[in-house]
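Single-letter residue listing:
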Amino acid sequence: SPPGYTQFPLQMWGKVLSKVKKAVVFMDDKCAETLHWSGGAAALFEAGAKNVKQFSSFEACSADEPKAVFVVSTLLKGRTIDIIKDVISLSHFQYCVVITTVAHSVHLVANHVSVEMDGNPVFEQFEEKLCEWMGNMNYTAEVLHVPVVLAPVSQHLILSPQFAQLFPLLSPDLDTINAKRPEKKRFASLGDVDLNSLPAELQIEVKHLASALNSMFETTGTRAESFAVGPMSRIIAGELANHPQAKNRRKTAQNKASIIFIDRTMDLTGAVGHHGDNLVEKIFTVLKPLPGHVTDVQVDMLELTALQRSPLTQNILAPGCLAQSESSAARSLWEAMLTSKQKEAVLEVRRQLVEAAGKEKLPIKMSMGRVTPDQLCSYVQPFQGSRGALESHSGVLQLGLATAQTLRHPSLARWDACLAFERLLLQALGDADFPSVLRQLLPLMKPREGEGVSGSGRGADECSPDELVLLLVYLYSLADEATPTDRENEEEELERLERELIGALTLVVTKEVELSPLLQKLTGCSSPEELTMACAHSAMERMFETLRGLSQSRDQLKQLRSVYTPSDGIHQANYRPFLRQILEEVFNPDRPECPDIEHIMFMKVSRPHPRDNPVLFLFLVGGVTPSELRLIKEAVSALKPATQVLVLATRLLRPTDVPELLFATRRLTPDIGV
């Protein structure tokens, strides 16, 4: 069997756990989210930690707590060291351990040191600083790098939540890069931009990610051949292949793998569309996120108690969640929910709840036929009275409740409405030019009727602003697939239409009674009172500048240029997922080599094929959707390769994440905590 890639994150946390005995642990949100999928806070307490606190200047310890462990996902510079200094100066520590996920080599780059150095001088200097702040040079300080960056979310999926904001660059980013360069040195396309031409923060982020992946391959003794599809992927793959340790592994490593980095921008249609017949995608969309987390949600636990619903109970009951690594039953149920069709997943939820009740000899009314939310809840309720049963099955119960709460959620009906509209747009693209198809969105852009239209109260057939934005991304990502016309004025007509759409959307947004999280991020305003017409208008203009470039993302490709199959008169037009096309190229033995899957090499070697190695990693830069996980599983079982496929991604996407990454994320200047 292949080396333990999904075990690697647990091994890294093991290094952290070996340091926490009798300590108070201070951890930032990004590390806490990674730990959440590797045993959670319970793992720290089992290893002897006294307490766990947020990494914040407002936290400190009392005199009887002499040992602290800080776990951070950032460089030991700027804001991060200010917070550590604040906590130490308010406490009475005699022993401090600081663990950063950022390698020492990346600290050297951040400090503009270009020479090779022995040892870890940056960390050693910081150890002295810690002793100074503790007030005694004889106290103990340790600073070390442990790459707790990867989260094993399922047996075939590893995420890096720390890089949830990392996203391939778009055409406005190219303009920003070029604006700072002399005229003769400007880049013609995103494909020409190299790592050294990126802003310093993004260079650090890329090096941080590449070094974390390098650690995984180093620890598992793996020689990885890197491939890339898309400009950002090429930069990250190049950085990984160029790592000094990677060069040594080419001579010595026992295990072999291929890793194909793929830019999410190659297929935005799949990420914003509602065709994913997937339970987890819907759970992610309708339930509120777990505070501080990108990849988990809050499950209401009230039905497991005898409490009545009231404003009081909201604050006393901690939410449940989807990360259930304790029981094997919950793990296999989560796997099914993540990678099956919705109907199969819901049946599996019912089966596991019935089985759990049976094991505990709890009375339940069996019923066949359609699974309903009420039926699922009726299987959960008998567990209320029995603490032992609750504890043994809490994982399965939380997944069951998440399913019931999603299926009965009032906004779930909108999912099918969006899907129906996307299907109409797909058909229309085959029959008309782009402006004509885009015009079909105008009638939908009207302010919503009625009082209190926050989500559920509105007319069921009215589009929310979030949905309108998703439809725009969907359509612009397919703009090149529209039937071309030779009309001279198509360009002018498009500009006129876009001005109309911007005006209509501005009106829709300013008439909202409550701003959705997405609208708050798009406009930079937290309430309707703050949102002026001018502010909404300029946010919409910026959005359209980005939308216009979306259809060009595959222009550099030679072969995989389309994600659309037009109607042939018998079959309807449909969406062809980019990932499925990639897997067919890789695993179909009859296909010649695909020129779009670029091999990243630094020595003149004969080009390997991605399927030559026993393990293939697909790394999705910018995130993967749950329905793509199912698609990968189905493609692998259909093509039956001799290769095991594992998915790595920066995050697990729900449709509304995509507009946020496109229109409200600092892609060029990520926050690196400095």
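Before reading on, note that the structure itself is shown above.
What you are looking at is a predicted structure, and each value in this text was computed from that prediction instead of being measured. In every chain, residue numbers begin from 1 and rise along the written sequence. Restriction of local features to residues with pLDDT of at least 70 applies here, the model being predicted, together with a cutoff of 80 or more for giving and counting side-chain atom pairs; totals for whole chains, interfaces and linings are based on all residues. Derived side-chain values reflect all non-hydrogen atoms in the structure, with water molecules and hydrogen atoms excluded from consideration.

**Student:** Tell me about the side chain of T625, and please be specific about residues and values.
**Tutor:** Within the secondary structure, T625 sits in the loop between strand 13 (615-621) and helix 26 (626-639). Any two residues having at least one pair of non-hydrogen atoms within 4.5 Å are treated as being in contact. In contact with T625, not counting residues within four places along its chain, are R264, G270, A271, E281, L652 and L653. Think of it this way: any DSSP run of H or I at least four residues long counts as a helix, any run of E at least two long counts as a strand, and we number them from the N terminus.

**Student:** Talk me through unusual backbone geometry; I want residue IDs and the actual numbers.
**Tutor:** One non-glycine residue, H112, lies in the positive phi region at around 60 degrees. By the secondary structure assignment, H112 is in the loop between helix 5 (104-110) and helix 6 (121-134). The classification of residues rests on relative accessible area computed with a 1.4 Å probe and restricted to protein chains. Under 20% of the type maximum is buried, over 50% is exposed, and intermediate values are partly exposed. Of the residues examined, H112 reaches a relative accessible area of 72% and is grouped as exposed. Although it is not a glycine, K361 adopts a positive phi angle of roughly 55 degrees.

**Student:** Report on the sheet that holds strand 14 (residues 644-649), specifying residues and quantitative values.
**Tutor:** Within the open sheet, the seven strands sit side by side as 6-7-14-13-9-8-12. Their pairing is mixed. Looking along the sheet, the strands with just one partner apiece sit at the ends: strand 6 (151-154) and strand 12 (598-599). Sheet topology places strand 13 next to strand 14; six bridges connect them, and they run parallel. Paired with V615 across the bridge in strand 14 is Q644. Any two strands between which DSSP finds at least two bridges are classified as paired.

**Student:** I'd love a proper account of the pattern of salt bridges, names of residues and values included.
**Tutor:** A carboxyl oxygen of Asp or Glu within 4 Å of a side-chain nitrogen of Lys or Arg is what we treat as a salt bridge. All chains considered together, the criterion is met by 25 salt bridges. Across the pair D300 and R309 runs a salt bridge, and its minimum N-O distance is 2.9 Å. Exposure remark for D300: the relative accessible area of 29% places this residue in the partly exposed category. Each of E303, D374 and R408 takes part in a single network of salt bridges with overlapping partners.

**Student:** Any details on helix 22 (residues 490-510)? Residues and values, ideally.
**Tutor:** Its 21 residues place the ends of helix 22 30 Å apart at the C-alpha level, agreeing with the 30 Å of an ideal helix rising 1.5 Å per residue. Buried residues of helix 22: E493, L494, L497, E498, L501, I502, A504, L505, T506, V508 and V509, and no others. Buried residues along helix 22 sit against helix 20 (434-439), helix 21 (465-477), helix 23 (517-523) and helix 24 (533-550). Helix span is expected to be 1.5 Å times the residue number reduced by one.

**Student:** I'd like to hear about the state of the cysteines, residue by residue, with values.
**Tutor:** The term disulfide is used for any two cysteine sulfur atoms that are within 2.5 Å. In this structure the tally under the stated criterion is zero disulfides. The cysteine C31 is free of any disulfide, with C96 supplying the nearest cysteine sulfur at 16 Å. With no disulfide of its own, C535 lies closest to C525 among cysteine sulfurs, the gap being 3.5 Å.

**Student:** Describe the packing of aromatic side chains, and please don't skip the residues or the numbers.
**Tutor:** In this scheme Phe, Tyr and Trp rings, the latter by its six-membered ring, pair at centre separations within 6.5 Å, and the angle between planes marks the pair as stacked below 30 degrees, edge-to-face above 60, and tilted otherwise. Enumeration over the complete set of coordinates arrives at 10 aromatic pairs. On the numbers, 6.4 Å between centres and 75 degrees between planes, the contact of F26 with F93 is edge-to-face. On the criterion of sequence distance, the pair formed by F26 in strand 1 (residues 24-27) and F93 in the loop between helix 4 (78-89) and strand 4 (95-100) is long-range, its members being 67 residues apart. Under the relative-accessibility criterion, F26 is labelled buried at 0%. By relative accessible area, F93 is classed as buried at 2%.

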